[in-house]
Structures are given as C-alpha cells and as structure tokens.
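Structural characterization, general
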Amino acid sequence: MTTGKPITCKAAVCWAAGEPLKIEEVEVAPPKAHEVRIHILYTGICHTDEYTRSGKDSEGVFPVILGHEGGGVVESVGEGVVGVKPGDHVIPLYTAECKECKFCKSGKTNLCGKVRATQGQGLMPDKSSRFTAKGQSIYHFMGTSTFSQYTVVADVSVAVVTPKAPLEKICLLGCGITTGWGAVVKQPGIKGSTVAVFGCGCIGLSVIQSSSLVGASRIIAVDTNPNKKEWATKFGATDFINPKELPEGTRIQDHLVEITDGGLDYTFDCTGQVQVMRAALEACHKGWGISTIIGVAAAGQEISTRPFQLVTGRVWRGTAFGGVKGRTELPGLVEDYLKGSVKVDEYITHQVKFEEINAGFEAMHSGDCIRAVVDMS
Ligand SMILES: NC(=O)C1=CN([C@@H]2O[C@H](COP(=O)(O)OP(=O)(O)OC[C@H]3O[C@@H](n4cnc5c(N)ncnc54)[C@H](OP(=O)(O)O)[C@@H]3O)[C@@H](O)[C@H]2O)C=CC1
Ligand SMILES: N[C@@H](CCC(=O)N[C@@H](CSC=O)C(=O)NCC(=O)O)C(=O)O
Ligand SMILES: [Zn+2]
Ligand SMILES: [Zn+2]
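Residues numbered from 1 in each chain as written. Chains lettered and ligands numbered in written order. Predicted model: local features only at pLDDT ≥ 70, side-chain atom pairs only at ≥ 80, totals over all residues. Heavy atoms only, no water.

The protein is annotated in an unreviewed UniProt entry as S-(hydroxymethyl)glutathione dehydrogenase of Dentipellis fragilis. Per UniProt, the comment on the protein under Sequence similarities (unreviewed entry) is "Belongs to the zinc-containing alcohol dehydrogenase family. Class-III subfamily." Checking UniProt for the protein, the heading Cofactor (unreviewed entry) contains the comment "Zn(2+)". (UniProt positions renumbered as here; feature names shortened; annotations may be inferred.)

Turning our attention to the sheet that holds strand S14 (residues 290-293). Strand order in the open sheet formed by 6 strands is S12-S11-S10-S13-S14-S15, with parallel pairing between adjacent strands. At either end of the open sheet lies a strand with only one pairing partner, and these are strand S12 (239-241) and strand S15 (315-318). Between one strand and the next, the sheet's axes are offset by a mean angle of 20°, whatever the strand orientation. Judged from the 3 bridges that link them, strand S11 (residues 218-222) and S12 form a sheet pairing that is parallel. Counted as the bridge partner of Ile-220 is Asp-239 from S12. (Pairing = 2+ DSSP bridges. Helix = DSSP H or I, 4+ residues; strand = E, 2+ residues; numbered from the N terminus. Axes fitted to C-alpha atoms, helices over the stretch in contact; angles between N-to-C directions.)

A word on the site of ligand 1. Around ligand 1 sit 29 residues, and of these Thr-48, Asp-223, Lys-228, Ile-294 and Phe-321 come closest. Here a nitrogen atom of ligand 1 sits 2.9 Å away from a polar atom, N or O, in the main chain of Thr-319. Across the complex, the protein chains shield 83% of the 930 Å² of accessible surface that ligand 1 would expose by itself. For the shell around ligand 1, the secondary structure elements donating two or more residues are helix H1 (47-53) and helix H6 (202-214). Considered class by class, the residues forming the shell around ligand 1 number 13 nonpolar, 13 polar and 3 charged. (Near = heavy atom within 4 Å. Polar contact = N/O pair within 3.5 Å; in protein donor to acceptor, adjacent residues only side chain to side chain. Areas by Shrake-Rupley, 256 points an atom, 1.4 Å probe, with all protein chains shown as cover. Nonpolar A, V, L, I, M, F, W, Y, C, P; charged D, E, K, R; others polar.)

Time to look at the coordination of the zinc ion (ligand 4). Protein-derived coordination of the zinc ion (ligand 4) comes from Cys-98 (SG), Cys-101 (SG), Cys-104 (SG) and Cys-112 (SG), at a distance range of 2.3 to 2.4 Å. For the zinc ion (ligand 4), the 4 donor atoms in the first shell make angles of 105 to 116° at the metal, so the coordination geometry reads as tetrahedral. Between consecutive donors of the zinc ion (ligand 4), the numbers of intervening residues give the motif C-x2-C-x2-C-x7-C. Here Cys-98 falls in the buried class, since its relative accessible area comes to 6%. (Donors = N, O, S within 2.8 Å, 3.2 Å for Na, K, Ca; no water. Tetrahedral: all angles 85-135°; square planar, octahedral: opposite > 155°, others 65-115°. Buried < 20%, exposed > 50% of the residue type's maximum accessible area, 1.4 Å probe, protein only.)

Frequently, the measure chosen for interface size is the accessible area removed from exposure when the parts meet. Each domain of the protein was delimited in the assignment, giving domain 1 (1-20 + 70-160) and domain 2 (177-322). Each of domain 1 and domain 2 has a C-alpha centre, and the two are 32 Å apart. (Domains from an automatic or database assignment.)

This paragraph deals with empty space enclosed by the protein. Tallied over the entire structure, the rule returns 2 cavities of 30 Å³ or more. Going through the elements one at a time, helix H3 (116-120) and strand S8 (150-154) are the ones with two or more residues in the lining of the largest cavity. Here the lining of the largest cavity is composed, by residue class, of 6 nonpolar, 4 polar and no charged. The computed volume of the second largest cavity comes to approximately 30 Å³. Every residue lining the second largest cavity is listed: Ile-177, Trp-181, Ser-206, Gln-209, Ser-210, Leu-213, Ser-341 and Val-342. At the level of secondary structure, the elements contributing two or more residues to the lining of the second largest cavity comprise helix H5 (176-185) and H6. For the lining of the second largest cavity, the element with the most residues is H6, which contributes 4 residues. The residue makeup of the lining of the second largest cavity, split by class, is 4 nonpolar, 4 polar and no charged. (1 Å grid on protein atoms, 1.4 Å probe; cavity = no way out; pocket = protein on both sides within 12 Å on 5 of 7 lines; lining within 4 Å. Points joined across faces, edges and corners; volume = space filled by probe spheres on them.)

What follows is the structure in structure tokens.
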C-alpha cells in the first residue's frame, strides 16, 4: 500500500533550459487535499514540451518535470476529492475545469481560473511541489508533469475516461489531437466553408481531420516540409501548398487569396511562427474571414499586421486546448475514438521506451515525427 506515503520512482528531469532530460530517481509526495496521485503509463511528447525545454517559454522554470500528454491510473487521492478514485483511468488536464470559477461559469471559455496562477509558477495550488530529486525540489509543468512514473495533479485537472480505451493511444488526447479537434468543432460555420491550415504537424493534421469531419468544402494544407503532403492528404486536405515552391517574391497569403476568389473563410496557424500567423490572417476573406492562432510563439515574439486587415472584417482569434472543457468533454471524445469517428492511432509515428525519451525529442526535429509515445514502465 502506497496510499499516504511518498513514492520513489523514475522521472525525466530537465535541470536547466536547453539541456536534455535526465532520468532520475524522484520522490513523489502523497496528494494533499483536492489532489490526485496518478501512475502515468504512457505519455506523448508535444512541441510545447520542447519549446519549454529549449528555454523559449516565458513561464519556463527549472529544474522541472515536463510532459502534458499523458494517460494513467489513479493511485490515491487526497482529502475532499470526489468524482475520481483509485483505479480510475485518467488523462491529466493542463486546462483545468473546476466548474465553479468565473471562467467556468461564463459559458464563454474553457480557461478555468482555479489553479492557473500556481500552475504557471510550476507549483501545486498550495504553492509547493510534490517532487524531490537529489534533495532538491523540482517544479511541476502545466499542472501535469507526465514525464514522471507518478505525478500529482489538482483534482480539477483530471478527466476520468473509460478503461476500455488503450492508454497508449488516448494519452494523445491530453493535448495535440484534442486541440485541433476543438478548434474546429467548437467554431460554428466550418461546414461548407473553405479552410487553410498552416503547419501539418499533429495539431494541423487534427484541424484538417476535423474540418473534413464537419464538412468543409475545401481544405488547403500549407507546409514548408514536402513530406507533409502525403500526411495532409491522408487526413482530408483537398490541396497542399509548399510556400517554398511558389515563384520568387510571391507571398503565401497573396497566392491563397488569388486561388480562392478573395481568401479563405477560416484559417489556422499551427506553426507557432509569428510571420506565419500574419500570413494566415491576411489569407482570410475580406468581410468575414476568421483566423485562429493555435501555435505557441517564443518569448518576446509579437504578432503584427495592418489594422486595415481587421477594419475590413477579418477576425483574429486564438484557442487553448481547442476550447475544450476537459472533465466534461474528454470522456466523450474517447468514446468517439472507440467508435472510430476520431483518428488517434494514425498520429503515432514513434514509440520509445522511457530511457529513450530524449530520442523522442530528437525525432520531433527530424521532420517525419507526428507524435512519439513514451512507454513509462
Ligand atoms: N494552443 C494550444 O492549445 C496548443 C498549441 N500547440 C502549439 O501548436 C504548434 C504546432 O504543434 P505541432 O503540430 O506539435 O508542431 P509540428 O512542429 O509537428 O508542426 C508544425 C509544422 O509546421 C511546419 N512549418 C514550419 N515552418 C513553416 C512555415 N513557415 N509555413 C508552413 N509550415 C511550416 C513544420 O515543418 P517541419 O516538419 O519542417 O518542421 C511542421 O510540419 C506548436 O507551436 C505547439 O506549441 C500545441 C498544442 C496545443
Ligand atoms: N507559457 C507560455 C504559453 C504557452 C501556451 O500558450 N500554452 C498553451 C497550451 S500549449 C500546449 O501544448 C495554452 O493552453 N495556453 C493557455 C494557458 O492558460 O496556459 C507563455 O507564457 O507564453
Ligand atoms: Zn501540447
Ligand atoms: Zn474554473
């Protein structure tokens, strides 16, 4: 019985920005009130993990246990936890859902305010950490820290899912696929409309898949990596454009406006590059085009365009976790996966053992990795 006691296990610790992860023995304290300790079995690696590891995140704190795309089984719960019990299969949530705060009750956003402030500081809600390695306190990451065999999260940051679903697959619903899915299905009007998706990694492919699912009339995938043409087509893109192959001096936004009779109804940035975000906005149709920023830009980066782009009716917006309320909606998305209406397995290009987690990070730079799943055992 481990309930109420610290657990010693392995975790991948990033000791400083830019350093590779190091597998260390860590002590994971028992969950306090309104906390849940989870045995993480599988985790995906998202570009946001790499972004923070590399030092580009303005909220990055070190040493830290990264990871936010996990699947696991609840080991124990702290006092006052309801709705989650030991043995439950769960997906930790980096976007909490308390159902009680101003944000949750607004009906306008999935951005819960309950634990976000301490989460951004790498701490649990009582402003302390549950992780110790080499006698040193280690920071949490995004309220999830799934690169540890055991992690502690706030009870509002846990989605309970059916045990029928394979955790080695549905861990990916903890971020990338769900983000792309929500960005589309929660935005009314995409059925019958034209869409352009900039960046065909996991997020972009999920936007493409979901646009196809809801019945977009044309889905143009834009990516500088020619290998992504096959991927984009497989997920439902009708066209593929590599901006590097345009005639010299032709901007991607001008080309898109030209071939779509004035621009797209909807565009999505899934690259995290501010000049691409600008192109995505400017590729929108005058009067009604809506551009959604999903990509995360490096610290210090800012977006810009001529205000006239907005004056003339284009809308610039963004989304976190696709606008999805995790505790309420993830269980249903897992069921959709089991029914076959949402692809998940198809995104997995790499499977790595825990000791090889750095190889999973390296794969992300290879251009042929959509998602690497880490077996945490
Ligand atoms: N808002 C949110 O809630 C979330 C945001 N994110 C963010 O979304 C972004 C995408 O993540 P992910 O799909 O994992 O990333 P990937 O790196 O896998 O995908 C990005 C794709 O864009 C391509 N690309 C690079 N430069 C350009 C360019 N100038 N024009 C067009 N395409 C280009 C890349 O090519 P190449 O293969 O050559 O690199 C790659 O295929 C990241 O910034 C991530 O941090 C992720 C999850 C949730
Ligand atoms: N910490 C960064 C911003 C990082 C960021 O934008 N994260 C996304 C999720 S990315 C997932 O892979 C997000 O949901 N943001 C909303 C939030 O509340 O964190 C910075 O400070 O720029
Ligand atoms: Zn992510
Ligand atoms: Zn809330």
